[in-house]
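# Notes for the structure review
Spelled out from the first residue to the last, the chains are:
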Amino acid sequence: YKRLASQLPRTVVSAADADSPTVLCARAEMQSWEMVQLEPSAMRDSDPLHRPPGISPTGANMAATLFDLAKTIDPQTGLPDEEAVYQRAGNRLAELLGEVGTVVVEKDEKRELLTLCTVDRFGARTPARSLSDGTLSFIALVLKQMSTRPQRLLCMEEPENGIHPKRIAAILNLLRETSVDTHAAVDPSNPLRQVIINTHSPAVVQQVPDDSLLVAELLPWRDVGNKMSSRLTVSAMSDTWRTKMPGNVRITTKGTILAYLRPVDSRQEDEQPFCRVIDRHEIHQLTLDL
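Residues numbered from 1 in each chain as written. Predicted model: local features only at pLDDT ≥ 70, side-chain atom pairs only at ≥ 80, totals over all residues. Heavy atoms only, no water.

### Concerning helix H8 (residues 254-261)
Heads up, the condition is: Each residue gets one of three labels from its accessible area relative to the maximum for its type: buried under 20%, exposed over 50%, partly exposed in between, using a 1.4 Å probe on protein chains only. Working definition: helices are DSSP H or I runs of at least four residues, strands are E runs of at least two. Numbering for both runs from the N terminus. It is the directions from the helix axis to the C-beta atoms whose arc is reported. Contacts were defined at the residue level, with two residues in contact if any of their heavy atoms lie within 4.5 Å.
Every buried residue belonging to H8 is among Ile-257, Leu-258 and Leu-261, and all of these are buried. Down the axis of H8, the buried set is contained in an arc of 95 degrees. They therefore lie on one face. Those residues of H8 that are buried lie in contact with helix H7 (202-207), strand E8 (214-222), strand E9 (228-237) and strand E10 (250-252).

Below, the structure is given as structure tokens:
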């Protein structure tokens with residue numbers, strides 16, 4: 001007999017105690033998961049001077065987080081290097097906006113506020129409240145990538161929203177570097193972190209490696225009681241490591257994915273958009289009349 005977890009007052013994981021170490025580990029892991037839902041209004045706010053660092057799922061606390069990162073001790077000098085941290089954030093943002101020089105935090109002692117600003121190559125400062133939604137979203141993801149705080153899984157819907165199509169590659173590269181490099185040892189500079197995004201953009205699908213693509217579909221399914229319903233199925237791209245794993249793995253192709261993302265209207269198939277002027281019906285009729 002099956003029950004929906006959303007209808008239960010509590011689950012096994014929520015009621016775990018010290019007598020269930022495996023469940024405790026599962027709960028700790030799930031608590032490190034985060035659904036990123038960036039809100040422009042939250043990202044534009046200044047932060048109180050003594051607010052703890054850590055960007056929320058809405059993108060709040062960006063100034064406090066960058067201010068805390070700027071106080072990180074440089075292992076080579078044994079001292080914090082604010083300019084290096086600000087420049088590092090600015091270099092990543094420059095991949096999206098070429099005219100950006102650095103990203104800094106302005107400290108207002110009187111009002112006890114921290115305000116995030118971008119500085120262009122001419123020295124002009126632009127506070128967060130005047131930046132575009134796409135720029136703010138990119139900065140939030142840059143700071144998440146720079147952070148070494150434990151975040152095992154980041155989920156995000158359509159990260160390309162608000163980003164110019166020519167800059168999609170920059171945000172995909174940033175998300176790829178935010179996840180763990182499986183070819184290197186896990187350490188503070190390469191935290192054990194996974195990134196999952198969903199998208200309906202052909203431009204994103206075309207720029208993501210085949211072994212990172214999965215297609216989720218609801219397909220008809222007959223349950224134990226012989227009743228027809230639907231269930232979620234996931235397909236992987238052919239000729240990738242996923243299809244070589246043991247078990248029955250559903251396989252799809254990039255052409256199938258792109259056809260789904262760019263459906264062709266059947267009415268348009270009968271049209272001839274690339275037709276010589278002399279062959280057009282109205283022109284042909286005009287020449288007959290003449």
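### Thoughts on the pattern of salt bridges
Selection criterion: Whenever a carboxyl oxygen of Asp or Glu lies within 4 Å of a side-chain nitrogen of Lys or Arg, that contact is scored as a salt bridge.
This model, assessed by the stated rule, comprises ten salt bridges. Between Glu-34 and Lys-144 there is a salt bridge, and its shortest N-O distance comes to 2.6 Å. Within this pair, whereas Glu-34 is found in strand E1 (residues 33-36), its partner Lys-144 is found in helix H5 (residues 133-146), the two being separated by 110 residues in sequence. With respect to class, Glu-34 is no different from Lys-144; both count as buried. Notably, a salt bridge pairs Glu-95 with Arg-92, separated by 3.2 Å at the nearest N-O pair.

### Some words on unusual backbone geometry
Positioned with a positive phi, Asn-61 is a non-glycine residue whose angle comes to about 75 degrees. Counting through the fold element by element, Asn-61 comes out in the loop between strand E2 (47-48) and helix H3 (62-69). Look at Asp-239: it is not a glycine, yet its phi comes out positive at around 60 degrees.

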